[in-house]
Each structure stands twice: as structure tokens, then as C-alpha cells.
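The residues making up each chain are set out below.
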Amino acid sequence: MSSSLVNLVIAGVGGQGNVLASQIIGRTAVACGWKVASADTFGVSQRGGSVMSHLRLAPQGSYGPLVPPKRAHIILGLEPLETARVLSTYGNPHTKLLLNPRPNFPLAVLIRERSYPDLHQLLSHIRNQSSEVREIQAAQLAETAGTLLAQNVVMTGALAGTGWLPFPAEAYKRVLNSIFGSDQSKSKKLDLNLYAFELGYQAATHAAQAS
């Protein structure tokens with residue numbers, strides 16, 4: 001558990017739910033009495049382009065919203081190539097990394113204007129750049145929950161399961177309830193997201209026990 005400033009960066013592409021994941025983590029921290037500064041940055045195209053969310057969490061004091069280069073304590077990687085890019089700029093040998101290893105190919109790759117790096121080499125490079133890497137099969141778990149769109153919530157649950165942030169799982173779940181549960185017609189969406197969160201939480205917990 002941390003008791004001081006935590007710099008966290010979420011790396012992904014448009015459509016993966018970076019902003020929602022950032023909101024869930026930030027609102028959970030606030031609910032637990034912490035101070036939060038955050039900012040989102042977007043690439044040239046919203047869907048399929050780079051999206052990066054900065055979160056600076058501290059029990060007291062105030063900080064600017066952007067994480068300084070090489071100062072990330074935690075990187076939450078929703079997509080391997082974007083994770084590698086963020087890790088090169090904001091990571092350092094002590095940065096902890098939670099990674100979804102499934103690629104999300106940008107449009108330029110899908111229409112064969114560009115090629116995606118060899119995934120095996122890319123993941124090997126990422127693993128060698130961080131002191132602690134935990135990989136979560138978020139796509140598979142999100143499909144189990146009911147939709148691939150829940151990968152971001154799976155990863156948020158996994159972050160809670162690592163224990164890298166000092167916030168209990170129930171605090172995250174209360175935030176999910178506030179986002180998805182205010183309207184009875186949204187109850188199915190709430191149930192899906194709570195299930196996705198729990199799957200990620202259990203996956204990270206089991207990974208920690210196995211390591």
C-alpha cells in the first residue's frame with residue numbers, strides 16, 4: 001500500500017474506455033479522502049488514436065495534473081503498443097505495469113497502410129522495461145462478463161486486486177454503482193460492470209498469489 005503521492009498513467013487507444021477507467025479510479029480515491037488531479041490527452045483521431053490519462057493521487061497536498069516524464073509509479077496498459085510508448089516516456093526501472101496484452105489495431109494497420117510490431121518482441125520489450133509486470137487477459141475476461149467493451153473495467157478491477165493503491169474493492173464498487181446504478185433501467189449495465197470488475201480483481205489476486 002502506498003501512503004504518499006502516486007503517479008498513474010493509463011495508456012490505450014480511442015474506444016477502449018481510458019476516460020471511464022480514469023474516472024472510476026479518481027472518484028474512488030476522492031471517496032477514500034485522497035486528493036486527485038487528472039488530465040486526458042488525445043491523439044489526432046479520437047477512435048483508434050492514442051489516448052492517455054494522467055492521475056496524480058495523494059492523501060494530502062496538491063499537484064499539477066500531468067505526470068512528469070520518467071515519474072510514473074504505475075502504468076495501466078490497455079493496449080501493448082501504446083503501453084510501450086507511454087512506458088518509454090513516463091516509466092522508469094521502478095514503474096509497476098499492469099498490462100492487457102491484446103493488441104487493438106489502429107485504422108492504418110487495418111487498411112494495411114502500416115504494420116503492427118511483432119507482438120512477441122513487443123511484449124518482451126515491455127517486460128524488460130519494468131520492475132513488476134502483471135498481465136491480465138482483459139479481453140477474454142470482458143467477453144466472459146458479456147462484452148469486449150468492459151475491458152477497461154476488468155483492468156480497473158485488476159488494479160484494485162494488485163493492492164498497489166490503498167483503496168478497498170468495495171470503494172470501487174460503490175463508484176460503479178454511482179455511475180451505472182442510479183436508474184433501474186441501467187441495472188443490467190451495472191451488473192455487467194460489477195462482474196467485469198470482479199473478474200479482473202480475482203485475476204490479479206490469483207496472479208499475485210502465483211508469483
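Right above here is the structure, for reference.
Residues numbered from 1 in each chain as written. Predicted model: local features only at pLDDT ≥ 70, side-chain atom pairs only at ≥ 80, totals over all residues. Heavy atoms only, no water.

### Quick notes on the pairing of strand E4 (residues 74-77)
What counts, and what does not: When accessible area is computed with a 1.4 Å probe and restricted to protein chains, residues below 20% of their type maximum are described as buried, those above 50% as exposed, and intermediate ones as partly exposed. Strands are runs of DSSP state E lasting at least two residues, helices are runs of H or I lasting at least four, and both sets are numbered from the N terminus onward. Following DSSP output, two strands are said to pair if at least two bridges run between them. By convention, orient the strands away from the viewer: a clockwise path from the first strand over the helix to the second makes the crossover right-handed.
Burial of the side chains of E4 extends over both faces: Ile 74 and Leu 76 are buried on one face and Ile 75 and Gly 77 on the other. Bridge count between strand E1 (residues 6-13) and E4: 4 bridges; the pairing is parallel. When the sheet's bridge partners are listed, Leu 8 is paired in E4 with Ile 74. With 4 bridges joining them, E4 and strand E5 (residues 96-99) adopt parallel strand pairing. The partner of Ile 74 across the bridge, within E5, is Lys 96. Crossover E4 to E5 through helix H2 (residues 80-90) is right-handed.

### Topic: the packing of aromatic side chains
Describing an aromatic ring pair means giving the distance of the ring centres and the angle of the ring planes. Our working definition: For this analysis, a ring pair means two rings from Phe, Tyr or Trp (six-membered ring only for Trp) whose centres lie within 6.5 Å, classed as stacked if their planes differ by under 30 degrees, edge-to-face if by over 60, and tilted for the remaining angles.
The full count for this structure, using the stated rule, is 4 aromatic pairs. Ring centres 5.1 Å apart and planes at 85° place the aromatic pair Trp 34 and Phe 167 in the edge-to-face group. Of this pair, Trp 34 sits in the loop between helix H1 (18-31) and strand E2 (35-42) while Phe 167 sits in the loop between helix H6 (151-162) and helix H7 (169-180), placing them 133 residues apart in sequence. Each member of the pair, Trp 34 together with Phe 167, is buried. Between Phe 105 and Tyr 116, the aromatic rings sit 5.0 Å apart at their centres with planes inclined by 85°, giving edge-to-face as the arrangement. Highlighted residues: Phe 105 in the loop between E5 and helix H3 (107-110) and Tyr 116 in the loop between H3 and helix H4 (119-127), separated in sequence by 11 residues. Here Phe 105 falls in the partly exposed class, since its relative accessible area comes to 39%. Residue Tyr 116 is classed as buried on the basis of its relative accessible area, which comes to 15%. Three or more aromatic residues joined by ring pairs make a cluster, and in this case those are Tyr 172, Phe 197 and Tyr 201.

### Notes on the packing of H1 against H6
What counts is decided by this rule: Where helices are involved, their axes are fitted lines through C-alpha atoms of the stretch in contact, as for all axes, and angles between N-to-C directions lie from 0 to 180°. For any helix crossing, the convention is left-handed if the near helix is rotated counterclockwise from the far helix by under a right angle, and right-handed if that rotation is clockwise. Any two residues whose heavy atoms approach within 4.5 Å are treated as being in contact. Charged residues are taken to be Asp, Glu, Lys and Arg, nonpolar residues to be Ala, Val, Leu, Ile, Met, Phe, Trp, Tyr, Cys and Pro, and polar residues to be all remaining types, Gly included.
Their axes nearest at 9 Å, the elements H1 and H6 cross at an angle of 35°. By crossing handedness, the relation of H1 to H6 is classed as right-handed. Contact residues: Leu 20, Ala 21, Ile 24 and Ile 25 in H1; Asn 152, Val 153, Thr 156 and Leu 159 in H6. Its residues placed into classes, the contact of H1 with H6 shows 6 nonpolar, 2 polar and no charged.

### What to know about the side chain of Ser 130
Spelled out, the test is: For the purposes of these results, a polar contact is taken to be a pair of N or O atoms within 3.5 Å, where, inside protein, one atom must be able to donate a hydrogen and its partner to accept one; residues adjacent in sequence count only when each atom of the pair is a side-chain atom.
The residue Ser 130 is located in the loop between H4 and strand E6 (132-135) in this model. Residue class for Ser 130 comes out buried when judged on its relative accessible area of 11%. At 2.4 Å, the side chain of Ser 130 forms a polar contact with the backbone oxygen of Thr 95. A distance of 3.3 Å separates a polar side-chain atom of Ser 130 from the backbone oxygen of Glu 132. Contact partners of Ser 130, with chain neighbours within four places excluded, come to Pro 93, Thr 95, Lys 96 and Leu 97.

### Remarks on the packing of H2 against H4
Think of two packed helices as two axes; the pair is described by the angle between the axes and how far apart they sit. At a minimum axis separation of 10 Å, H2 and H4 run at an interaxial angle of 35°. You can see that H2 and H4 cross each other, and the crossing is left-handed. Side by side, H2 and H4 meet where Pro 80, Leu 81, Thr 83, Ala 84 and Leu 87 of the first sit next to Leu 119, Leu 122, Leu 123 and Ile 126 of the second. Per-class residue counts for the contact of H2 with H4 are 8 nonpolar, 1 polar and no charged.

### Points about the pairing of E1
Most of E1 is tucked away: 8 of the 8 residues are buried. Residues of E1 alternate between two faces, with Val 6, Leu 8, Ile 10 and Gly 12 on one and Asn 7, Val 9, Ala 11 and Val 13 on the opposite face, all of them buried. Relative to strand E3 (residues 50-58), E1 runs antiparallel, the two sharing 8 bridges. Note that in E3 the partner of Val 6 across the bridge is Leu 57.

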